[in-house]
Amino acid sequence: MNADHLLTNIAQLVTPSGTGALRGGAMRELSVTKDAAIAIRDGMIVWCGPRMDWRGIAMVETDLGGRAVLPGLVDPHTHAVWAGDRLTDFDDRASGVDYESILARGGGIRHTMRTTASATHEELVALALPRLQRMIRAGATTIEIKSGYGFSWDAELRQLIATQSLRALVPAELVATMLFHVPPQDALERDAYITTAVSEWIPQIAREHLATAIDVFIEREAFTCGEASRLFIAARAAGLACKVHADQFTAIGGTELAISHGALSVDHLEASGDAQIAALARSQTIATIVPGVSLHLGLPAAPGRRLIDAGAAVAVGTDCNPGSSPLYSMSLALALAVRLNGLTPAEAIIAATANAAAALRSTAVGRIVSGMRADLLVLKSADWRDVPYTLGDDAVAQVFSAGCEVLV
């Protein structure tokens, strides 16, 4: 066998076992190969295993100095394209001002929507680029980016096109999702908004390959289950996948609706109870938890431990956004999932790799096995547990994307 590049002297080659998303007790099944090597050709893994078993020829060989290697992390939930900031909101909340008062004076998410909607394509790209570079430095090699900060289709379109432009600027795989975040407040405008989305926007998204999925925020102050169902039916007819923000503040049927439409994932779940946990455990839908929100807003943590014990497949994301989770590090997100959501270190790694990839319908990443893209993290130490242990991204020494070392 020939390879372009052989990585050797790997203290621990760590990867999720099996294939696809792992559920329940299988989320502790990490495969650990000691004194390993990885062979790469054309950006893909062509062989991996114990170093002494390699019998091929490599053009370049790199000694990794006895360090551990993990799959590149997959961030299945971000809002990385936005304009403006929420620093005043942060200051006010810390001073005891409630969120309803912040909204009433024009702050909160509607402030972000106004500033993002008024930004040009070039401004959105320039603002998002350093955020993505920070994410990659912390170990993310596949990153989902949602729209959702526009009052109009033109504003949403600029966010989706900005994501397309960013693909040429960052050494990571970017996955675009159209998010229906906040509906118009007027009832007539609201119905017209959804009707237009169903008849025009969603077909255009699919036709022009602007996104691979839609996401709907189902909450008392956002979209209803009936409205979301209309959007999901249109998305599925257009060949787009479905995702849901649900159970963040209240459980009003969003999780159950998502499952009935075969959603890739239900994200947040801070307010999920026994019924939602059981439904997710019986389904193929991924339960994506976002511990950065619990840390930043002081919300109860999503029931990660109970979800896994019930047999669900759990993923972890940063939910990087200006209002509820200014978190850029997937390494830190999975470390928080251990502390706040009750995951074990092995479960957190699987939640941030194989299961996060499944939440994006990506079959090329999330594991270190032959045939996968060579997205890899080289740690500073010989023990993979340093990633969930370290509170920050300092555990990561090198990032490889499609076989090339990333410099950001």
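Since we're looking at a predicted model, the values are computed, not measured. (Residues numbered from 1 in each chain as written. Predicted model: local features only at pLDDT ≥ 70, side-chain atom pairs only at ≥ 80, totals over all residues. Heavy atoms only, no water.)

### Here we look at the overall build of the chain
We count it as follows: Under the DSSP-based scheme used, a helix requires at least four consecutive residues in state H or I and a strand at least two consecutive residues in state E, with every element numbered from the N terminus. We take the radius of gyration over the C-alpha atoms and set the globule estimate at 2.2 Å times the residue count to the 0.38 power. Accessibility here uses a 1.4 Å probe with only protein chains present; expressed as a share of the type maximum, an area under 20% marks a residue as buried, one over 50% as exposed, and anything in between as partly exposed. Contact definition: two residues touch when any of their heavy atoms are within 4.5 Å. Residue exposure ignores everything except the shown protein chains as possible cover, and the areas themselves are Shrake-Rupley values with a 1.4 Å probe. Neither His nor the chain termini are counted; the positive set is Lys and Arg, and the negative set is Asp and Glu. Just so you know, the charge point we use is NZ for Lys, CZ for Arg, CG for Asp and CD for Glu.
A tally of helices and strands in the chain yields 15 helices and 15 strands. For 408 residues, the compact-globule estimate of 2.2 N^0.38 gives 22 Å, and the C-alpha radius of gyration of the chain, at 21 Å, lies within 12% of that figure. If you line up the chain on its principal axes, its C-alpha atoms span 70 × 45 × 45 Å. Within the chain, the fraction of its 408 residues that count as buried is 59%. Intrachain contacts of the chain at a sequence separation of at least 6 include 74% that bridge at least 24 residues. Element-wise, carbon and sulfur atoms account for 54% of the exposed surface of the chain, whose accessible area totals about 15400 Å². Treating the 33 positive side-chain charges of the chain as one cloud and the 43 negative ones as another, the clouds have centres 4 Å apart.

### Comments concerning the packing of helix 6 (residues 187–207) against helix 7 (residues 225–237)
Rule in force here: Helix axes use the C-alpha atoms of the stretch in contact, all axes being lines fitted to C-alpha atoms, and the angles between their N-to-C directions lie in the range 0 to 180 degrees. We call two directions roughly parallel when the angle between them is under 35 degrees, roughly antiparallel when it is over 145, roughly perpendicular when it lies between 65 and 115, and oblique otherwise. Under the scheme applied here, ten amino acids are nonpolar (Ala, Val, Leu, Ile, Met, Phe, Trp, Tyr, Cys and Pro), four are charged (Asp, Glu, Lys and Arg), and all others, including Gly, are polar.
At their nearest, the axes of helix 6 and helix 7 sit 9 Å apart, and the two run at 10 degrees to each other. In terms of orientation, helix 6 lies roughly parallel with respect to helix 7. Residue-level contacts link Arg190, Asp191, Ile194, Thr195, Ala197, Val198 and Ile202 of helix 6 to Glu227, Arg230, Leu231, Ala234 and Ala235 of helix 7. Its residues placed into classes, the contact of helix 6 with helix 7 shows 7 nonpolar, 1 polar and 4 charged.

### Some words on the packing of aromatic side chains
Definition in use: Two aromatic rings from Phe, Tyr or Trp, using only the six-membered ring of Trp, form a pair when their centres are within 6.5 Å; if the ring planes differ by under 30 degrees the pair is stacked, by over 60 it is edge-to-face, and anything between is tilted. Criterion for a charge above a ring: Lys NZ or Arg CZ within 6 Å of the ring centre, and within 35 degrees of the ring normal.
The full count for this structure, using the stated rule, is 5 aromatic pairs. Judged by centre distance (5.4 Å) and plane angle (55 degrees), the ring pair of Trp47 and Trp54 falls under tilted. Trp54 shares its class with Trp47; the two are buried. Through pairs of rings, three or more aromatic residues link up here, namely Trp153, Phe180, Tyr193, Trp201 and Phe223. Sitting over the face of the ring of Tyr328, Arg134 holds its NZ or CZ atom 3.8 Å from the ring centroid.

### Points about the environment of Gly253
Mapped onto the elements of the fold, Gly253 is located in the loop between strand 9 (241–246) and helix 8 (254–260). Separated by 147 residues in sequence, Gly253 and Phe400 have C-alpha atoms that sit 41 Å apart.

### Side note on the nonpolar core
Cut-off, in case you're wondering: In this text, buried Ala, Val, Leu, Ile, Met, Phe, Trp, Tyr and Cys residues form a nonpolar core when linked through side-chain atoms within 4.5 Å.
The biggest cluster of nonpolar side chains holds 99 residues, and the ones touching the most others in it are Leu132, Phe180, Ile214 and Val216. Discounting chain neighbours no more than four positions away, the residues touching Ile214 are Thr177, Met178, Phe180, Ile202, Leu231, Phe232, Ala235, Leu240, Ala241, Cys242 and Lys243.

### A closer look at unusual backbone geometry
Despite not being glycine, His209 shows a phi value in the positive range, around 55 degrees. Within the fold, His209 resides in the loop between helix 6 and strand 8 (213–217). Given a relative accessible area of 63%, His209 falls into the exposed group.

### Looking at the sheet that holds strand 7 (residues 173–180)
Rule in force here: Paired strands, in this sense, are two strands between which DSSP finds at least two bridges.
The 8 strands are arranged 5-6-7-8-9-10-11-12 in an open sheet whose pairing can be described as parallel. What marks the edges here is a single partner per strand, and that holds for strand 5 (73–75) and strand 12 (314–316). Each neighbouring strand pair of the sheet contributes to a mean axis angle of 25 degrees, computed without reference to strand direction. Direction of pairing for strand 6 (residues 140–146) relative to strand 7: parallel, over a ladder of 5 bridges. Bridging across to strand 7, Ile143 finds its partner in Leu174.

### Brief notes about the pattern of salt bridges
Using the following cut-off: One speaks of a salt bridge when a side-chain nitrogen belonging to Lys or Arg is within 4 Å of a carboxyl oxygen belonging to Asp or Glu.
For the structure shown, the criterion picks out 13 salt bridges. With a shortest N-O distance of 3.1 Å, Arg305 and Asp309 are connected by a salt bridge. Taken together, the residues Arg305 and Asp309, both in helix 11 (residues 304–310) and 4 residues apart, mark about one turn of the helix.

### Considering the pairing of strand 3 (residues 44–50)
Where strand 2 (residues 30–41) and strand 3 come together, 6 bridges link them in antiparallel fashion. Each bridged residue has a counterpart across the sheet, and for Ala37 the counterpart in strand 3 is Gly49. In textbook terms, the turn of a hairpin is the stretch between consecutive antiparallel strands, and for strand 2 and strand 3 this stretch comprises 2 residues, one of which, Asp42, has a positive phi near 55 degrees.

### Quick look at helix 7
Definition in use: A helix is expected to reach a length of 1.5 Å times the quantity of its residues less one.
With 13 residues, helix 7 should cover 18 Å at 1.5 Å per step; its first-to-last C-alpha distance of 18 Å lies within 8% of that length. Residues of helix 7 that are buried include every one of Glu227, Ala228, Ser229, Leu231, Phe232, Ala234 and Ala235, and no others. The positive-phi residue at the C-terminal boundary of helix 7 is Gly239, with phi of around 85 degrees.

### A look at the packing of helix 5 (residues 153–166) against helix 6
Two measures define how a pair of helices packs: the angle their axes make with one another and the distance between the axes. The following threshold applies: By convention the crossing between two helices is left-handed if the near helix lies anticlockwise of the far one by an angle smaller than a right angle, and right-handed if it lies clockwise.
Contact pair helix 5 / helix 6: the axes reach a minimum separation of 12 Å and the direction vectors enclose 15 degrees. Taken together, the axis directions place helix 5 and helix 6 in an arrangement best described as roughly parallel. Our pair here, helix 5 against helix 6, has a crossing hand that is right-handed. Contact residues: helix 5 offers Trp153, Leu157 and Leu160, while helix 6 offers Trp201, Gln204 and Ile205. Here the residues of the contact of helix 5 with helix 6 are counted per class, giving 5 nonpolar, 1 polar and no charged.

### Some details on the environment of Pro171
Along the chain, Pro171 falls in the loop between helix 5 and strand 7. Residue class for Pro171 comes out partly exposed when judged on its relative accessible area of 30%. For Pro171 and Leu132, which are 39 residues apart along the polypeptide, the C-alpha to C-alpha distance reads 9.5 Å.

In short, geometric facts, not functional conclusions.
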